[in-house]
Amino acid sequence: MPHSRKPHLDTLAIALLLACCMFWGFQQVLVKATVAEVAPVFQAFVRFALATVAVTAWCLWRGVRLSMAAEPAGAARAGLLAGALFAGEFACIYLGLQYTTASRLTVFLYASPFWVALLLPRFIPGERLQGWQWLGLAAAFVGVGLALGDGLLGPANAALPQAWLGDLLGLAAGLMWALTTVVIRTTPLARVAPAKQLLYQVGVSAVVLPALSLGLGEPWVWQFSTFAWGSLLVQALVGAFVSYLAWMWMLAHYPATKISVFVFLTPVFALLFGAWWLGEPVTTGLVAALVLVAAGIVLVNRRPAVA
């Protein structure tokens, strides 16, 4: 099903992006606060199992056809690939939060837009970087390196000796997010309804993550506190259903590069929520890395001047 794509972000898109970024920043802190009670990958599995039910119900209510036979040729394979990447992304996020702070991991995760800027031109020539955009990409890489160095050498490292491992998992998660975006933009999956695209991602995750959880030897305990159940429901219904459905809809209707600029607001919110709720340290190196990566992403997404 073709989607009309708008060349610029309108008020609706900006409002949705701001709401999503604020919630995603809070969500990272919420996940870390729940890890002490619910094993990380098992937590992700429960979240996406609940989200799969919610997205399926939405598709049925909206009349979105669930049969793969009704899709363009190759869309099902692309959907399964996007789902596998999505599952890998969240496995890295939930495992990474055991080793590093929510705010640090979010900086690495939301460096994803410059991965998109680096990878997408290989498939869509019109997305090639020019001029200042290359400087922006370099700044973003320096920012990520600075954040990683802060994790290895900074004062926070004494309390979190394996922060570097969480940082690398966050970086891997950001790369998988970028690859998911590339798959959605460059394959027949782009012609599938946004809700069906999301169903592939949460559905595959609900199948893959329990196997990974069992393989890691995580305990499957269902006697959760009220807080843990509330956290899982918020993660599933607000995070994996409402906010991701809004994100998939925006990818179908607005330029991905312009959307990517806004998502870097998420680490800012994660820093604020992490410092407020969990007492996580906000180091000078981390703030400097945040500024560098943000500046890099803005420059990467800057429209080149017309001669």
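Residue numbers restart at each chain and count upward from 1, following the sequence in its written direction. Totals for whole chains, interfaces and linings use all residues, but because this is a predicted model, local features are given only for residues with pLDDT of at least 70 and pairs of side-chain atoms are given and counted only at 80 or more. Calculation of side-chain values draws on the structure's entire complement of heavy atoms; hydrogens and water are dropped beforehand.

Looking at an unreviewed UniProt entry, one finds the protein named EamA family transporter and attributed to Acidovorax carolinensis. Checking UniProt for the protein, the heading Subcellular location (unreviewed entry) contains the comment "Membrane". UniProt positions are given in the numbering used here, feature names are shortened, and annotations may be inferred rather than shown by experiment. Under the UniProt heading Sequence similarities (unreviewed entry), the entry covering the protein gives this text: "Belongs to the EamA transporter family."

It is worth spelling out a nonpolar patch on the surface at this point. Residues with no salt bridge and a relative accessible area higher than 30% make up the patches, which join like charges within 9 Å and nonpolar side chains (Val, Leu, Ile, Met, Phe, Trp, Tyr) within 5 Å. The accessible surface values rely on the Shrake-Rupley method and a 1.4 Å probe; as for residues, cover is taken only from the protein chains in view. One speaks of a salt bridge when a side-chain nitrogen belonging to Lys or Arg is within 4 Å of a carboxyl oxygen belonging to Asp or Glu. Side chains of Leu 50, Leu 233, Leu 237 and Val 238 sit close together on the surface and give an oily, nonpolar patch of about 290 Å² of accessible area. Each helix is a run of H or I in the DSSP string that is no shorter than four residues. Each strand is a run of E no shorter than two, and both are numbered from the N terminus. When you line up the elements, Leu 233 lands in helix H9 (residues 226–253).

The criterion is simple. A nonpolar core is a set of buried Ala, Val, Leu, Ile, Met, Phe, Trp, Tyr and Cys residues joined through side-chain atoms within 4.5 Å. Burial here depends on accessible area, computed with a 1.4 Å probe over protein chains only, as a share of the maximum for the residue type. Under 20% is buried, over 50% is exposed, and the range in between is partly exposed. The biggest cluster of nonpolar side chains holds 72 residues, and the ones touching the most others in it are Trp 24, Phe 48, Ile 93, Val 202, Tyr 244 and Trp 247. The biggest single contributor to this core is helix H3 (residues 75–96), with 12 residues. Whether two residues touch is decided by their heavy atoms; if any such pair falls within 4.5 Å, the residues are in contact. Beyond its immediate stretch of four places on either side in the chain, Phe 48 contacts Phe 86, Phe 90, Val 202, Ser 205, Ala 206, Leu 209, Ala 240 and Tyr 244. Core analysis: the next-biggest nonpolar cluster, separate from the first, contains 9 residues, Trp 115, Val 116, Ala 178 and Val 182 among them.

Right, let's get into the environment of Leu 30. One can find Leu 30 in helix H1 (residues 11–35). Between the C-alpha atoms of Leu 30 and Leu 232, which are 202 residues apart in sequence, the distance is 9.2 Å. If we skip the residues at most four places from it in the chain, Leu 30 touches Phe 227, Ser 231, Val 234, Gln 235 and Trp 277.

In this analysis, rings of Phe, Tyr and Trp, with Trp reduced to its six-membered ring, are considered paired at centre separations within 6.5 Å, and the interplanar angle assigns stacked below 30 degrees, edge-to-face beyond 60, and tilted for intermediate values. Counted by the stated rule, this structure contains 24 aromatic pairs. Residues Phe 23 and Phe 26 carry aromatic rings whose centres are separated by 6.4 Å and whose planes lie at 55° to one another, so their mutual orientation is tilted. Highlighted residues: Phe 23 and Phe 26, both in helix H1, separated by 3 residues, approximately one helical turn. Phe 23 gets classed as buried once you look at its relative accessible area, which sits at 14%. Since its relative accessible area comes to 24%, Phe 26 is described here as partly exposed. Each ring, one from Phe 227 and one from Trp 277, has its centre 6.2 Å from the other, and the planes form 85°; the classification is edge-to-face. Within this pair, whereas Phe 227 is found in helix H9, its partner Trp 277 is found in helix H11 (residues 265–278), the two being separated by 50 residues in sequence. Phe 227 sits in the partly exposed class, given a relative accessible area of 36%. For Trp 277, a relative accessible area of 33% puts it in the partly exposed group. Among the aromatic side chains, those forming a connected cluster through ring pairs are Trp 24, Phe 48, Phe 86, Phe 90, Trp 177, Tyr 244 and Trp 247.

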